[in-house]
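Here is how the chains run, residue by residue.
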Amino acid sequence: MTDNLSKKQIAALKEQLQITEAELSSLLQISEQSADVVELDQSRVGRLSRMDAMQQQQMASAGKHRLQLQLTLITKAIKKIADDSYGYCIECDEIIAYARLQIRPESELCIDCQNNQEIGQ
Ligand SMILES: [Zn+2]
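Residues numbered from 1 in each chain as written. Predicted model: local features only at pLDDT ≥ 70, side-chain atom pairs only at ≥ 80, totals over all residues.

### Describing the overall build of the protein
Then, number 1: From N to C terminus, the protein includes 4 helices and 0 strands.
Then, number 2: From first element to last, N terminus to C terminus, the protein shows the α and β order α-α-α-α.
Then, number 3: Here the protein holds 121 residues, and 10% of them are scored as buried.
Then, number 4: Looking at the protein alone, contacts between residues at least 24 apart form 60% of all its contacts between residues at least 6 apart. (Helix = DSSP H or I, 4+ residues; strand = E, 2+ residues; numbered from the N terminus. Buried ≥ 20, exposed ≤ 12 C-beta atoms within 10 Å, placed from the backbone. Contact = placed C-beta atoms within 7 Å.)

### Describing unusual backbone geometry
Then, number 1: Residues other than glycine seldom take positive phi values, yet aspartate 84 does so here, at roughly 65°.
Then, number 2: Within the secondary structure layout, aspartate 84 lies in the loop between α2 (47–82) and α3 (98–103).
Then, number 3: Within the chain, aspartate 93 stands out as a residue other than glycine whose phi angle is a positive 70°.
Then, number 4: In this fold, aspartate 93 is placed in the loop between α2 and α3.

### Focus: the nonpolar core
Then, number 1: Counting 8 residues, the largest nonpolar core is built from Leu13, Leu17, Ile74, Ala77, Tyr86, Ile96, Leu101 and Cys110.
Then, number 2: In contact with leucine 13, other than residues within four places in its own chain, are Leu101 and Pro105. (Core = buried A, V, L, I, M, F, W, Y, C linked by C-beta atoms within 7 Å.)

### Overview of the environment of glutamate 94
Then, number 1: Mapped onto the secondary structure, glutamate 94 falls in the loop between α2 and α3.
Then, number 2: As for glutamate 94 and leucine 109, which are separated by 15 residues in sequence, their C-alpha atoms are 8.9 Å apart.
Then, number 3: Residues contacting glutamate 94, with those up to four places away along its chain left out, are Cys89 and Cys110.

### Quick notes on the confidence of the model for the protein
Then, number 1: Averaged over all residues, the pLDDT of the protein is 87; the fraction at 70 or higher stands at 85%.
Then, number 2: Least confident of the elements in the protein is helix α1 (residues 7–41), whose mean pLDDT is 86; most confident is α3, at 96. (pLDDT = per-residue confidence, 0-100.)

### Observations regarding the environment of isoleucine 74
Then, number 1: Mapped onto the fold, isoleucine 74 is located in helix α2.
Then, number 2: The exposure class assigned to isoleucine 74 is buried, which follows from the 22 C-beta atoms found within 10 Å.
Then, number 3: Not counting residues up to four positions away in its chain, the partners in contact with isoleucine 74 are Leu17, Thr20, Glu21, Leu24 and Glu106.

In structure tokens, the structure reads:
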């Protein structure tokens, strides 16, 4: 059985989560502004560059979607730390290894469940 996370470990992960949360929020703000620019430009560009612009916008919104998804996970993780339910796999309820949380503190799945999910996709 894996040990519970220590208070010190949780504090370190929480700090990391909060830093990433702030970074993602500002990144999302920037990407929202640049999506607006593409929108405005479309009225005065030709067909080809318009397609370019649309493609760029699609890429930008895909990137934005990823950022939003990650931000949601991070916000969830911070809430879980607050109510003491952080660090458990949402699939099997096992403790998620600290080594894994250090790399991805927003992880909701243990490594086994994550692997299973990737195979299933
Ligand atoms: Zn699991």
